[in-house]
Amino acid sequence: MAEQGDERTLKWWGWGYDDQQPDRAGLEAVAKGVHERLGFEPSGVVEAVNLEDLDLPPSRLTPTPTLSDLFSDSPRDRASHAVGRAYRDIVRTIRGDLPNPPDLVARPGSPEEVDAVLGWCEDSNAAVIPFGGGTSVVGGVEARLPEDSDHAGVVSLDLKRLDRVLEVDPVSLAARIEGGATGPGLEGQLREHGLTLRHYPQSFEFSTLGGWIATRAGGHFATGETHIDDLVESARMIAPSGEWKSRRLPGSGAGPSPDRLVIGSEGTLGVIVDAWMRVRERPRWRANCSVLFEDFFDGAAAVRALAQSGLQPANCRLLDATEAEINGVSADGSSVLVIGFESARVPVVERLDQAVEIARDCGGSPGSIESRDAEDRAEGRPGEASASVDWRNAFLAAPYLRDALICSGVLTETFETAITWDRFDEFTRSVLEEARRVTAELSDTPVEGPGSPSVSCRITHAYSDGAAPYFTVLAPSRPGAEVAQWDEIKRAVSEVLDSAGATITHHHAVGRDHREWYDRQRPQPFADALIAAKRALDPHGLMNPGVLVDPGGH
Ligand SMILES: Cc1cc2nc3c(=O)[nH]c(=O)nc-3n(C[C@H](O)[C@H](O)[C@H](O)COP(=O)(O)OP(=O)(O)OC[C@H]3O[C@@H](n4cnc5c(N)ncnc54)[C@H](O)[C@@H]3O)c2cc1C
């Protein structure tokens, strides 16, 4: 059997590479910084157990000799594929609490090998969990089977060897990309053609195209093409019952779209091996500006006005005062709206001017406009290092910081949703209030004032009829009981989302952790139709059992 070789070793328990984790002194400095900046005292430094000290249950599966080169049962592989990258995943992994690792990790290098692995799993009655970057924050890749499962074991099917851009159609601006290609991997290959997908989830560095499609990921564009859905032209999936391939079409009115069933299927129907994706020329013109608001909800009114204006900014993110301060964008108690436009063909500064006027009408105070061409030379207007640059840098560094925060005794939870504008203000206030109340109660801190938890909100995506607010909670963790603490906060805020009629997720997917609320949200006849589709594509219920639907029930 073969273990993955990697010149620079990925952390088996967290974000990034082994050499990127701060040492104990570094973690103590992070804890001190948290106390100074956020006012509460983290609960103390915790470091990950040694891989060699992990006590994993023995593997229950032995691959057939003809396929054994595709499989690994090494402790590193099994541990690093046992869970995703939510707070509760990282905490459990650090403590070595991994009772359900996959029995085997498979690394097929072609669609034919994917098919062969699925065939062997079917013969062996092994459950299969497709695994892209493993960055799921909803238990989507966790090798935990439902209690009534009778599978003989679990195979985590890692797609990362399927990492190529296979074809480019420069006339239609589309590219066929394999499902295991990561953000930097596919962008690097598209760059050779002067093209880009421009889908930037925060997990961009390690998440994959197949994972984005399977989870309906939300990316860089804050208006317009917000979800990966809008960029999929056609998809190819290998299901246990055979291949599923849709036609390349710019649009079609021929019945329900087959792609719609693949997008968001979360590994429950088959393995997405490649997809034709809509790409674009690399942007040459960019213009950004940040606008300060004394009141977050005035900023939200500006986001609404912009989303309804038809201007379609590429970026239109509103950070409340706490988010702005944590991200180093502003420290004067203002909320910050970051607006950006980009184009491959025409200068965009005029559109930015119009957008800034709209924001000003809503009570905002604009900073300087920064306009750049492809060579990154400031053009048109005087521009300084802008809040948008600070925000982007902080955005990409955040997952690394999160590991350091967790190891220094900070509970970090993020959750996101979407709601129509008519209910936005009241809803957002009630979520913030409940998150603050329950977090303080579970963390033994005051609700307000010195030592209280940090609860903040940003708007990540905006539509003409509503927006996606994204919440971040930071509090002292309860050593040894972090998972229970997280679960209770998650449950309380999920109940608020559900009772307000909002969605349980705007872009983090359902996985195992959101099932209860997803089941309440979807119409029952739709659940029945989904179960019927699953039975047709996956008759033995091998694919990611426990996610989205239960094959035997609902
Ligand atoms: C720090 C951090 C930041 C994040 N930021 C964002 C963000 O900005 N936007 C966003 O949308 N999400 C975000 N996420 C969540 C996560 O990155 C997304 O859900 C992402 O799309 C998962 O991609 P992946 O390749 O890592 O998939 P995985 O985590 O490996 O898998 C996710 C699900 O998709 C299935 N799957 C994976 N690959 C395939 C395939 N080829 N075929 C069929 N099924 C498959 C899996 O079985 C699983 O159910 C973030 C997560 C973290 C940890």
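All values derive from a computational prediction rather than experimental measurement. (Residues numbered from 1 in each chain as written. Predicted model: local features only at pLDDT ≥ 70, side-chain atom pairs only at ≥ 80, totals over all residues. Heavy atoms only, no water.)

Engineer: Would you take a moment to explain the nonpolar core for this structure?
Structural biologist: Nonpolar side chains in soluble globular proteins tend to end up buried together. Counting 84 residues, the largest nonpolar core has Leu98, Val303, Leu337, Ile339, Leu352, Phe424 and Ile459 as the members making the most contacts within it. At 8 residues, the largest contribution of residues to this core is made by helix H12 (residues 421–443). Once you skip the residues sitting within four places of it in the chain, Val303 turns out to touch Cys316, Leu318, Leu337, Trp421, Ile459 and Ala462. Core analysis: the next-biggest nonpolar cluster, separate from the first, contains 29 residues, Leu197, Val262, Ile272 and Leu537 among them. (Core = buried A, V, L, I, M, F, W, Y, C linked by side-chain atoms within 4.5 Å. Buried < 20%, exposed > 50% of the residue type's maximum accessible area, 1.4 Å probe, protein only. Helix = DSSP H or I, 4+ residues; strand = E, 2+ residues; numbered from the N terminus. Contact = heavy atoms within 4.5 Å.)

Engineer: Teacher, can you tell me more about the sheet that holds strand S6 (residues 174–178) here?
Structural biologist: Picture the strands of a sheet paired through backbone hydrogen bonds; they go either parallel or antiparallel. The 5 strands are arranged S5-S6-S10-S8-S9 in an open sheet whose pairing can be described as antiparallel. In the strand order of this sheet, the two ends are held by strand S5 (165–169) and strand S9 (242–245), each with one partner. Averaged over all neighbouring strand pairs, the angle between strand axes comes to 10 degrees, with direction disregarded. Direction of pairing for strand S8 (residues 232–239) relative to S9: antiparallel, over a ladder of 4 bridges. Considered in S9, the bridge of Met237 is made with Trp244. Of the strands in this sheet, S8 and strand S10 (271–278) touch helix H4 (residues 111–124), which is tilted by about 40 degrees from S8. (Pairing = 2+ DSSP bridges. Axes fitted to C-alpha atoms, helices over the stretch in contact; angles between N-to-C directions.)

Engineer: Quick question: what am I supposed to make of the site of the ligand here?
Structural biologist: Around the ligand, 35 residues are found, and the nearest of them are Pro130, Gly132, Thr135, Ser203 and Thr208. Thr215 is positioned with one of its side-chain polar atoms (N or O) 2.8 Å from an oxygen atom of the ligand. Gly267 has a polar backbone atom sitting 3.4 Å from a nitrogen atom of the ligand. For the ligand, whose free accessible area comes to 970 Å², the fraction covered by protein is 97%. Those elements that provide at least two residues to the shell around the ligand are strand S3 (126–131), helix H6 (209–215), S10 and helix H11 (387–407). In terms of residue count, the dominant contributor to the shell around the ligand is H6 (5 residues). Looking at the shell around the ligand residue by residue, the classes come out as 13 nonpolar, 19 polar and 3 charged. Counting the residues that make up the shell around the ligand, at least three belong to each of domain 1 (18–158) and domain 2 (165–281). (Near = heavy atom within 4 Å. Polar contact = N/O pair within 3.5 Å; in protein donor to acceptor, adjacent residues only side chain to side chain. Areas by Shrake-Rupley, 256 points an atom, 1.4 Å probe, with all protein chains shown as cover. Nonpolar A, V, L, I, M, F, W, Y, C, P; charged D, E, K, R; others polar. Domains from an automatic or database assignment.)

Engineer: Could you clarify how one ought to interpret the sheet that holds strand S4 (residues 153–158) in this entry?
Structural biologist: Spatial strand order, S1-S2-S4-S3: 4 strands in an open sheet with mixed pairing. With partners counted over all chains shown, the strands left at the sheet margins are strand S1 (71–72) and S3, one partner each. Of the strand pairs in this sheet, S1 and strand S2 (residues 104–106) are connected by 2 bridges, and their pairing is antiparallel. Across the sheet, residue Phe71 finds its bridge partner in S2, namely Ala106.

Engineer: Help me understand unusual backbone geometry, please; the structure alone is not making it clear to me.
Structural biologist: The phi torsion of most residues other than glycine is negative, and most of the peptide bonds are trans. Backbone geometry at Arg198 places phi at a positive 50 degrees, although glycine is not the residue there. On the basis of relative accessibility, which here comes to 5%, the residue Arg198 falls in the buried class.

Engineer: Can you help me understand a negative patch on the surface in this one?
Structural biologist: Taken together, Glu294, Asp295, Asp298, Asp425 and Glu426 make up a surface patch of like negative charges. In this structure, Asp298 sits in helix H8 (residues 296–307). Using a relative accessible area of 35% as the deciding quantity, one classes Asp298 as partly exposed. (Patch = residues over 30% accessible without salt bridge, like charges linked within 9 Å, V, L, I, M, F, W, Y side chains within 5 Å. Salt bridge = Lys/Arg side-chain N within 4 Å of Asp/Glu carboxyl O. Lys, Arg positive; Asp, Glu negative; His and termini not counted. Charge placed at Lys NZ, Arg CZ, Asp CG, Glu CD.)

These values are about where atoms sit, not about what they do.
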